[in-house]
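Chains, contacts and geometry: an overview
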Amino acid sequence: MPDVGVLSAHLLSGFQKELFTRLAEAGHENLRPRHGAVMAYIATTGTRASELSERSGQHKQVVGTLVDELESLGYVVRKPDPADRRAKLVVPTDLGRDQMVQARRIVTDIEDRLAGLVGADRFAEFKAVFAEVTRSY
């Protein structure tokens, strides 16, 4: 049996391929898996880049580059943070919010399909154990 790193890589690769293929079919053909470091962690009301970096585990400069890309693609804008005018929030645009809705729907579909393969209870237990294991990293 492959080790957990190989299994995790296969799961991530297959998951991302399906997610981004289906997002492209839903009109979001310019998004790439790397953009998930922002789009998967952003709040609809906006999130500071430093929080996106912390949540995604990506370096601040990487997140800054991704925000620049997403801003040029029309998915996010930078706005002053009302809680601290010196800080900026990365806020999803209408296009970004549509992507977030579509991604949630697609992820639910993928998870439902996977649960159908192994049974809902086993899949729920798998997710719980997987989450527990990943918290150590």
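Once that is clear, we can look at the nonpolar core. Generally speaking, a soluble globular protein has its nonpolar side chains buried in company with each other. Counting 20 residues, the largest nonpolar core has Leu19, Val38, Met39, Leu70 and Val76 as the members making the most contacts within it. Elements with a minimum of two residues in this core: helix 1 (4-25), helix 2 (36-39), helix 4 (60-73) and helix 5 (94-118). The residues contacting valine 38, other than those within four sequence positions of it, are Leu52, Val63, Leu66, Val67 and Leu70.

Across 6 bridges, the pairing between strand 1 (residues 76-81) and strand 2 (residues 84-92) is antiparallel. The residue bridging lysine 79 from the neighbouring strand is leucine 89, located in strand 2. Taking the residues that link successive antiparallel strands as the turn, the strand 1-strand 2 hairpin has 2 residues.

On to helix 3 (residues 49-56), then. Here helix 3 has its buried residues at Leu52, Ser53 and Ser56. Along the axis of helix 3, the buried positions cluster into a sector of 100°, meaning they face one direction only. Buried residues in helix 3 make contact with helix 2, helix 4 and strand 2. Looking one or two residues beyond helix 3, the residue adopting positive phi is glycine 57, at roughly 80°.

Here we take up the pattern of salt bridges. Where charged atoms of side chains with opposite charge meet at close range, the side chains can pair. All chains considered together, the criterion is met by 13 salt bridges. Across the salt bridge formed by arginine 22 and glutamate 18, the nearest N and O atoms sit 3.4 Å from each other. One end of the pair is arginine 22 and the other is glutamate 18, both in helix 1 and 4 residues apart, which spans about a single turn. The class of arginine 22 is partly exposed, set by a relative accessible area of 22%. Lysine 127 is the partner of glutamate 111 in a salt bridge, and the nearest nitrogen-oxygen pair spans 3.0 Å. Note that glutamate 111 is positioned in helix 5 and lysine 127 in helix 6 (residues 120-134), a separation of 16 residues in sequence. The class of glutamate 111 is partly exposed, set by a relative accessible area of 25%. The exposure class assigned to lysine 127 is partly exposed, which follows from its relative accessible area of 38%.

A separate point is the layout of surface pockets. Of the pockets and cavities examined, the largest pocket occupies roughly 1,400 Å³. Elements supplying a minimum of two residues to the lining of the largest pocket: helix 1, helix 2, helix 4, helix 5 and helix 6. No other element matches the 10 residues that helix 1 contributes to the lining of the largest pocket. Residues that form the lining of the largest pocket fall into these classes: 28 nonpolar, 9 polar and 5 charged.

Definitions and cut-offs
- Residues numbered from 1 in each chain as written.
- Predicted model: local features only at pLDDT ≥ 70, side-chain atom pairs only at ≥ 80, totals over all residues.
- Heavy atoms only, no water.
- Core = buried A, V, L, I, M, F, W, Y, C linked by side-chain atoms within 4.5 Å.
- Buried < 20%, exposed > 50% of the residue type's maximum accessible area, 1.4 Å probe, protein only.
- Helix = DSSP H or I, 4+ residues; strand = E, 2+ residues; numbered from the N terminus.
- Contact = heavy atoms within 4.5 Å.
- Pairing = 2+ DSSP bridges.
- Arc of directions from axis to C-beta.
- Salt bridge = Lys/Arg side-chain N within 4 Å of Asp/Glu carboxyl O.
- 1 Å grid on protein atoms, 1.4 Å probe; cavity = no way out; pocket = protein on both sides within 12 Å on 5 of 7 lines; lining within 4 Å.
- Points joined across faces, edges and corners; volume = space filled by probe spheres on them.
- Nonpolar A, V, L, I, M, F, W, Y, C, P; charged D, E, K, R; others polar.

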